[in-house]
Amino acid sequence: MRYEISKEPINIQSVIDKVVEREAGAITTFIGTVRELTDGKKTLYLIYEAYETMAVKKLAQIGKEIEERWPKAKVAITHRIGRLDITDVAVVIAVSTPHRADAYEANRYAIERIKEIVPIWKKEHWEDGEAWVGNQLETVAYPSGKPEEGDLHE
Amino acid sequence: MRYEISKEPINIQSVIDKVVEREAGAITTFIGTVRELTDGKKTLYLIYEAYETMAVKKLAQIGKEIEERWPKAKVAITHRIGRLDITDVAVVIAVSTPHRADAYEANRYAIERIKEIVPIWKKEHWEDGEAWVGNQLETVAYPSGKPEEGDLHE
Amino acid sequence: MNKILFFAHLRDAADREELQIKAVGKTVAELKTELMKNYDLPQLETVMTAINEEFVPDDEIIHDGDVIAFIPSVSGG
Amino acid sequence: MNKILFFAHLRDAADREELQIKAVGKTVAELKTELMKNYDLPQLETVMTAINEEFVPDDEIIHDGDVIAFIPSVSGG
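Keep in mind it's a predicted model, so treat the numbers as computed, not measured.

Draft legend 1. A look at the interface of chain A and chain C. Between chain A and chain C, the residue contacts involve 36 residues of the former and 26 residues of the latter. Between chain A and chain C, roughly 2600 Å² of surface is buried when both sides are summed, and carbon and sulfur atoms account for 55% of that area. Counting across the chain A and chain C interface gives 4 salt bridges. The residue Arg-11 of chain C makes a salt bridge to Glu-49 of chain A at a minimum N-O spacing of 2.6 Å. Contributions of two or more residues to the side of chain A that touches chain C are made by β5 (45-50), α2 (52-69), β8 (89-97), α3 (100-117) and β9 (120-126) of chain A. The leading source of residues in the side of chain A that touches chain C is α3 of chain A, at 5 residues.

Structure follows, in structure tokens:
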């Protein structure tokens, strides 16, 4: 199970362990944590929810895309859902490759794709309210019915 | 102690813990592991040695360079020395930043700089011999007496 | 019959997680129009849609038993 | 007096980790030439040098008590 949605805190080492390979010289991880301030506004906590079965499929698809683009790459991703407090770990992406440049690039690719195609949503809770994050006016059109690779956002 | 040379196996989580920040939304790690094959040749194990006191200073210098280039970045690096077997962890670099693009770039900068300025050497042991890795003919001249930032190698 | 799934702010707006309706033979676009007419939903035209957990374009035809999920802008990571 | 440190293949070649010699007033380049004459060492001209744990150029003058380390191509990471 290299792709998981978890209701429990993520054990980072166990995600890393899934990509250890005798042929790998480099492992990169990306750890997404809950940040206190976004655009100057103070977050109290977040709620993540997922369309769980589809989310696992889409994480696995991202892993497959990476293993096709970066031969010998090995990928594991766990995303947490439920309530997360400041500094809690929301997502861990581990990528191993024989050479380090690939490990950085492939890992970066994974987080960008997660933000495009994996059905997970977060609701921010502030002192004075709460809201689902994202483009709720849905003003970005996806003519093909799905996000394209070019639709990368920071 | 965010910069360490260790004779014991590295606890990855403890390196990550040093860079957790309420203002950080992203933590990247680079984990350098001992690869079995290099240029088709089978490694049995490696010995790393360091000029320990200077190595710690140079790791701290790299951290300072990063914190100047990427404001609000926080860095921790541990490099292991002694005998390492295949898949053992030689180095862990953890970088936290408010935004993820910086966390990847700053982390990559750290490993490239380690390979330039930190006095650590590895000796490869194969079935049929052993050798210190690197440019032992010392054919690369450093006119300023030290490596320049442009001298990046894969 | 078809199961329709709502998530995030769409679920809040629809005030339900799912719905059973007969959508067989319709396109996704036609289903969206119908749902907006019958429920207090925000604009669905540009919301992504998945059938049986795969993204589909708006002209996809719905078959019996298909599970249709509306996927608002995702915000994982 | 000055302490000279050797590492990696330089230590293997010199067959010792360190050396105490008087190098006060010499430049690093002069010290290198002298060491290559007196010990069975590989080319040192292009080897990096640190004095008191900071890299220095070859024209740096050595002071009393300075610790001079020759730093072969590093291979950490």
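That covers the picture; the talk isn't over yet.
Draft legend 2. Layout of the sheet that holds strand β1 (residues 2-5) of chain D. All names here are of chain D. Pairing within the open sheet is mixed, and its 5 strands lie in the order β2-β1-β5-β3-β4. A single partner strand is all that each edge strand has here, and the edge strands are β2 (18-21) and β4 (54-56). Taken pair by pair, the neighbouring strands of this sheet meet at an average axis angle of 30 degrees, ignoring direction. Judged from the 3 bridges that link them, strand β3 (residues 48-51) and β4 form a sheet pairing that is antiparallel. The partner of Ala-50 across the bridge, within β4, is Phe-55.

Draft legend 3. Geometry of helix α2 (residues 28-38) of chain C. All names here are of chain C. Listed as buried for α2 are Val-28, Leu-31, Lys-32 and Leu-35. Down the axis of α2, the buried side of the element spans an arc of 100 degrees, and every buried residue falls inside it. What points out from α2, more than 90 degrees from its buried face, is the exposed set Thr-33 and Lys-37. Turning to α2, the residues buried within the fold contact β1 (2-5), β2 (18-21), β3 (48-51), β4 (54-56) and β5 (67-71).

Draft legend 4. Fine view of unusual backbone geometry. At Asp-39 of chain A, a residue that is not glycine, the phi angle is positive and equals roughly 50 degrees. Within the element layout of this structure, Asp-39 of chain A appears in the loop between β3 (37-38) and β4 (41-42). Even without a glycine there, the phi angle at Lys-72 of chain B is positive, about 75 degrees. Note that Lys-72 of chain B resides in the loop between α2 (52-69) and β6 (74-80). Classification of Lys-72 of chain B by relative accessible area gives exposed; the value is 64%.

Draft legend 5. Up close: the relation of the copies chain A and chain B. Overlay of chain A on chain B (RMSD 0.0 Å): rotation 180 degrees, translation along the axis 0.0 Å. When the rotation and shift are considered jointly, the pair of chain copies conforms to a two-fold rotation axis. Nearest to the rotation axis, the C-alpha of Thr-29 of chain A is located 2.5 Å from it, this being the minimum over chain A. Interface residue correspondence from chain A to chain B reaches 100%, placing this contact among same-surface, isologous pairings.

Draft legend 6. Inspection of the interface of chain A and chain B at higher detail. The interface of chain A with chain B comprises 35 residues on the first partner and 35 residues on the second. Together chain A and chain B conceal approximately 3300 Å² of surface at their shared face, both sides included; 49% is due to carbon and sulfur atoms. For Glu-36 of chain B, the salt bridge is made with Arg-22 of chain A, and the minimal N-O distance between the two is 2.9 Å. At the surface where chain A touches chain B, the tally comes to 17 residue pairs in polar contact (both at pLDDT 80 or more). Secondary-structure elements contributing two or more residues to the side of chain A that touches chain B are α1 (12-17), β2 (26-33) and α3 of chain A. Its residues assigned to classes, the side of chain A that touches chain B comprises 15 nonpolar, 10 polar and 10 charged. Bridge count for β2 of chain A against strand β2 (residues 26-33) of chain B is 7 bridges, and the pairing is antiparallel. Within β2 of chain B, the residue paired with Ala-26 of chain A across the bridge is Gly-32 of chain B.

Draft legend 7. Main features of the nonpolar core. Counting residues in each nonpolar core, the largest one holds 92 residues, and the members touching the most others are Ile-71 of chain C together with Ile-71 of chain D. Aside from chain neighbours lying at most four places away, what touches Ile-71 of chain C is Tyr-51, Met-54, Pro-119 and Trp-121 of chain A together with Val-47, Met-48, Ala-50 and Phe-55 of chain C. With 22 residues, the next largest nonpolar core counts Ile-31 and Ala-94 of chain A together with Val-15 and Ile-31 of chain B among its residues.

Draft legend 8. Region of the structure containing the sheet that holds β9 of chain A. All names here are of chain A. With respect to topology, 4 strands assemble into an open sheet ordered β7-β5-β9-β10, the strand pairing being antiparallel. In this open sheet, the two strands that pair with only one neighbour each are β7 (82-85) and β10 (129-132). The sheet shows a mean angle of 20 degrees between the axes of neighbouring strands, direction not considered. Note: β9 against β10, 4 bridges, orientation antiparallel. If you follow His-125 over to β10, its bridge partner there is Glu-130.

Definitions and limits used
Residues numbered from 1 in each chain as written. Chains lettered and ligands numbered in written order. Predicted model: local features only at pLDDT ≥ 70, side-chain atom pairs only at ≥ 80, totals over all residues. Heavy atoms only, no water. Contact = heavy atoms within 4.5 Å. Buried area = accessible area lost by both parts, 1.4 Å probe. Salt bridge = Lys/Arg side-chain N within 4 Å of Asp/Glu carboxyl O. Helix = DSSP H or I, 4+ residues; strand = E, 2+ residues; numbered from the N terminus. Pairing = 2+ DSSP bridges. Axes fitted to C-alpha atoms, helices over the stretch in contact; angles between N-to-C directions. Buried < 20%, exposed > 50% of the residue type's maximum accessible area, 1.4 Å probe, protein only. Arc of directions from axis to C-beta. Least-squares fit on C-alpha atoms with pLDDT ≥ 70 in both. Polar contact = N/O pair within 3.5 Å; in protein donor to acceptor, adjacent residues only side chain to side chain. Nonpolar A, V, L, I, M, F, W, Y, C, P; charged D, E, K, R; others polar. Core = buried A, V, L, I, M, F, W, Y, C linked by side-chain atoms within 4.5 Å.

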